[in-house]
Amino acid sequence: MQRWNGWGDESIDYPLHDSARRYLETLVGPGSPTTDADQHSVLQSVPASRLPEHPLVDAAPLTRLLHARGQSLPDWIALRSGRVNTFPDGVAYPTTSQEVRQLIHFAAQAGAHLIPYGGGTSVVGHINPLDQGAPSLTVDMRRMNRLLNFETDNLLATFGSGITGPDLEAQLRAHGCTLGHFPQSFEYSTLGGWVAARSSGQQSLGYGRIERLFAGAQLETPQGLLELPAFPASAAGPDLREAVLGSEGRLGLLTQVTMRVSPLPEREDFHAIFFPDFEHGMAAARRMLAERLPLCMLRLSTATETATTLALAGHEGLINALQTLLKARGLRQGKCMLLVGFCGKPGVVQFARSQALAAAAAHSGIHVGKVFGAQWHKNRFRTPYLRNTLWKLGYAIDTLETAVSWSRVPALIEAIETALRSSQAGRMHVFTHLSHLYLHGSSIYTTYLFPLSADPEQTLARWQAMKSAASQAIQAHGGTISHQHGVGADHAAYLPAEKGALGMQTIRQIASSLDPQGMMNPGKLF
Ligand SMILES: Cc1cc2nc3c(=O)[nH]c(=O)nc-3n(C[C@H](O)[C@H](O)[C@H](O)COP(=O)(O)OP(=O)(O)OC[C@H]3O[C@@H](n4cnc5c(N)ncnc54)[C@H](O)[C@@H]3O)c2cc1C
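Residues numbered from 1 in each chain as written. Predicted model: local features only at pLDDT ≥ 70, side-chain atom pairs only at ≥ 80, totals over all residues. Heavy atoms only, no water.

K.L.:
What exactly am I supposed to notice about the pattern of salt bridges here?
P.N.:
A side chain of one charge can pair with a side chain of the opposite charge when the charged atoms of the two come close. On inspection of all chains with the given rule, the structure shows 18 salt bridges. Where E266 meets K345, a salt bridge forms, and the shortest distance between an N and an O atom there is 2.8 Å. Of the two residues, E266 is situated in the loop between β11 (262–263) and β12 (267–275) and K345 in the loop between β14 (336–344) and α14 (346–361); the sequence distance between them amounts to 79 residues. Neither E266 nor K345 differs from the other in exposure class; each is exposed. Across the pair D269 and K370 runs a salt bridge whose closest N-O atoms are separated by 3.9 Å. Placement of the pair is D269 in strand β12 and K370 in the loop between β15 (366–367) and α15 (371–379), with a sequence separation of 101 residues. One continuous salt-bridge network, built from bridges that share partners, spans R198, R209, E211 and E242. (Salt bridge = Lys/Arg side-chain N within 4 Å of Asp/Glu carboxyl O. Helix = DSSP H or I, 4+ residues; strand = E, 2+ residues; numbered from the N terminus. Buried < 20%, exposed > 50% of the residue type's maximum accessible area, 1.4 Å probe, protein only.)

K.L.:
Can you help me understand the environment of L460 in this one?
P.N.:
Here L460 shows up in helix α18 (residues 456–476). The class for L460 is partly exposed, based on a relative accessible area of 22%.

K.L.:
What am I meant to see in the packing of helix α4 (residues 73–81) against α18 here?
P.N.:
Each packed pair of helices is defined by two parameters, the angle between the axes and the distance between the axes. Taken N-terminus to C-terminus, the directions of α4 and α18 make an angle of 180°; their axes are 10 Å apart at the nearest point. By the angle class used here, α4 and α18 are roughly antiparallel. Of the residues in α18, those touching α4 at L73, P74, I77 and S81 are P456, T459, L460 and W463. Taken together, the residues of the contact of α4 with α18 sort by class into six nonpolar, two polar and no charged. (Axes fitted to C-alpha atoms, helices over the stretch in contact; angles between N-to-C directions. Parallel < 35°, antiparallel > 145°, perpendicular 65-115°, else oblique. Contact = heavy atoms within 4.5 Å. Nonpolar A, V, L, I, M, F, W, Y, C, P; charged D, E, K, R; others polar.)

K.L.:
Even after reading the chapter, I still don't get the nonpolar core, so can you show me in this structure?
P.N.:
Side chains that are nonpolar tend, in soluble globular proteins, to be buried together. If you look at the biggest cluster of nonpolar residues, it comprises 62 residues, and the most contacted ones within it are M288, L295, L298, L420, L434 and Y448. Counting 30 residues, the second largest nonpolar core, distinct from the first, contains L179, W194, F214 and A511. (Core = buried A, V, L, I, M, F, W, Y, C linked by side-chain atoms within 4.5 Å.)

K.L.:
For this particular structure, what's the right way to read the site of the ligand?
P.N.:
The full set close to the ligand counts 35 residues, and P116, G118, T121, S185 and T190 are the nearest of them. In the environment of the ligand, an oxygen atom lies 3.1 Å from a nitrogen or oxygen atom belonging to the side chain of S199. Within the backbone of L254, a nitrogen or oxygen atom sits 2.9 Å from a nitrogen atom of the ligand. For the ligand, the accessible surface in isolation is 960 Å², of which the surrounding protein chains cover 97%. At the level of elements, β3 (113–117), α7 (191–196) and β10 (253–260) are the ones that each hand at least two residues to the shell around the ligand. Classifying every residue of the shell around the ligand gives 13 nonpolar, 21 polar and one charged. (Near = heavy atom within 4 Å. Polar contact = N/O pair within 3.5 Å; in protein donor to acceptor, adjacent residues only side chain to side chain. Areas by Shrake-Rupley, 256 points an atom, 1.4 Å probe, with all protein chains shown as cover.)

K.L.:
Looking at this model, I keep getting lost on the environment of L437. Mind explaining?
P.N.:
By the secondary structure assignment, L437 is in strand β18 (residues 437–438). For L437, a relative accessible area of 4% corresponds to the buried category. Each C-alpha atom of the pair L437 and L205 lies 6.9 Å from the other, and the pair is 232 residues apart in sequence. With near-sequence residues (within four places) excluded, L437 lies in contact with L205, A285, L289, L298, W406 and S442.

K.L.:
Looking at this structure, how should I read helix α6 (residues 165–173)?
P.N.:
Every α-helix winds through 3.6 residues per turn, so residues three or four apart in the chain are directed the same way. Restricting attention to buried positions, one finds in α6 the residues G165, L168, E169 and L172. Summarising the axial view, the buried residues of α6 lie within an arc of 95°, below the 170-degree limit, and thus occupy one face. In this fold, the buried residues of α6 make contact with β5 (147–151), β6 (156–160), β7 (177–178) and α7. (Arc of directions from axis to C-beta.)

K.L.:
Could you clarify how one ought to interpret the state of the cysteines in this entry?
P.N.:
Scanning all chains against the criterion turns up one disulfide. Between the sulfur atoms of C296 and its disulfide mate C343 the distance is 2.1 Å. With the S-S dihedral at roughly 45°, the linkage between C296 and C343 falls on the right-handed side. Placement of C296 in the loop between α11 (278–290) and β13 (297–301) and of C343 in strand β14 is noted, with a sequence separation of 47 residues between them. A relative accessible area of 3% means that C296 is categorised as buried. Judged by relative accessible area, which is 14%, C343 ranks as buried. A disulfide-free cysteine, C177 has its sulfur positioned 15 Å from the sulfur of C343, the nearest such atom. C177 gets classed as buried once you look at its relative accessible area, which sits at 4%. (Disulfide = S-S within 2.5 Å.)

K.L.:
Where do I start with the domain arrangement of the protein chain in this structure?
P.N.:
Interface size is commonly expressed as the accessible area that is lost once the parts come together. The domain boundaries assigned to the protein chain delineate domain 1 (31–140), domain 2 (147–263), domain 3 (267–380) and domain 4 (384–488). Distance from the C-alpha centre of domain 2 to the C-alpha centre of domain 4: 28 Å. Taken together, the contact pairs 13 residues of domain 2 with twelve residues of domain 4. Buried surface at the junction of domain 2 and domain 4, both sides included, amounts to about 800 Å², of which 38% is carbon and sulfur. On the domain 2 side of the contact with domain 4, Q184, R209 and E248 bury the most area, a combined 46% of that side's loss. Viewed at the interface, domain 4 and domain 2 are joined by zero salt bridges. On inspection of domain 2 and its partner domain 4, the count reaches seven residue pairs in polar contact (both at pLDDT 80 or more). (Domains from an automatic or database assignment. Buried area = accessible area lost by both parts, 1.4 Å probe.)

K.L.:
Help me out: how do you make sense of unusual backbone geometry in this one?
P.N.:
Unusually for a residue other than glycine, R292 sits at a positive phi of about 50°. Structurally, R292 can be placed in the loop between α11 and β13. Owing to a relative accessible area of 63%, R292 belongs among the exposed residues under this scheme. In this structure, S364 is a non-glycine residue whose phi angle is positive, near 65°. Accessibility expressed as a relative area gives 36% for S364, which makes it partly exposed.

Structure follows, in structure tokens:
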């Protein structure tokens, strides 16, 4: 069963070795475990629903609690402390487009706000009901989760928008294909959520971000059906798919989504290469990009993240052997790890590997084989479970991300980390990697960890100070407020600086032409 106040399946844990715990204690001091609110008492705080009854709407307190929050740190603080405060007034699980239309009509008649809901894995407050006076209806799309059409010749697959990552990949595998979209939330996030939040998967270098994969859709809006046909390419004026990507539930509900899929790769290898420092790693990665090598992933950790990853990895024997090897080759403090993914036919993988290793060697990279890459690949959807373990030990962990041109990457990493550290007096640990690399720049993904305060309001206030300092640093250094998590409620205040007044007016007008009453997920995005 899925945890109601944490990440993932209750039967899955991510235990932390004693050495890893000691490492954390040295960095940030002992954790301060807090007592979680029990579900029964939180259910007592769910108020009566303000929605009229409807056969498709479930107003049971448990259902409403389970749809009240996503996965951001403030969401966790609310759920763990039992101070949830706002709940949807009802939840519907449509199974057809016709039911979706009925629900839009019902919400419009009831003067209710409607919140499209995929897997609820948002980390920026996308699906949280806001206290805006009107009742809210959450529409959970996960029962619209079938493969509706597979076009073998065109390599196009149409799904119900509520399909989750594992189901989608299983359906495609039966046809010898993959979408290749693997966000770390893959287990629970849905196709509709990926499109609506403009998500990026870990192998975006090879397969593309969701924008490249998204071919077409059906969007049910308060003004009717908007159909987006799947052309291979088109010069027929502005591409309306771009308006739907990142629309965060403000334009309507995606019911069917058509995706561009690829044949399953015959081979998939992930290798680790270590560099004396971040600059050498960055230079090697940029060379691989400039040579346009057929890679499916690049991920470069800073020295602090590299040290943290190795310390938390657990396998002490293996890590010691690696440290000895790297030391013998002259790599000590400051070394940085680059993970490189190769996917495709064996010949392509072999070619890409030899070219990438040559580029790495030209920048003093030391190739250590596939073991670390394979470990990363094996655990890539397990690492979010570490959040549960850390919370139990009394630590909060959060991530933030942006993207910027190459020339600004080092300064922006420094600015984000400094902003986080200087925004509060308490001890914390901060580390960063480049997770999605492009020829013209890179995303920056920063993780920060600090001991919980005894008072949840204080933990929240500390988070707010850190988040706002880091967001300001991002904007001051020319970064986007989000590379992949989206805007939601948490980043909405920063959007006008990025889009400008005319840009914001255009976004609002697009929304109001499809949703004149402003009933679709208000308060998110803008
Ligand atoms: C542990 C963890 C790891 C993560 N890793 C990544 C990552 O690697 N890459 C990444 O990009 N993101 C990541 N995320 C963020 C999150 O998973 C993504 O934003 C994801 O796209 C959200 O999908 P979802 O189905 O859970 O959508 P939800 O959280 O349910 O909703 C997100 C937004 O999409 C809208 N929406 C959902 N379904 C529909 C629909 N059918 N029609 C219209 N609007 C809809 C909602 O209204 C909301 O505004 C991570 C989150 C967590 C908790």
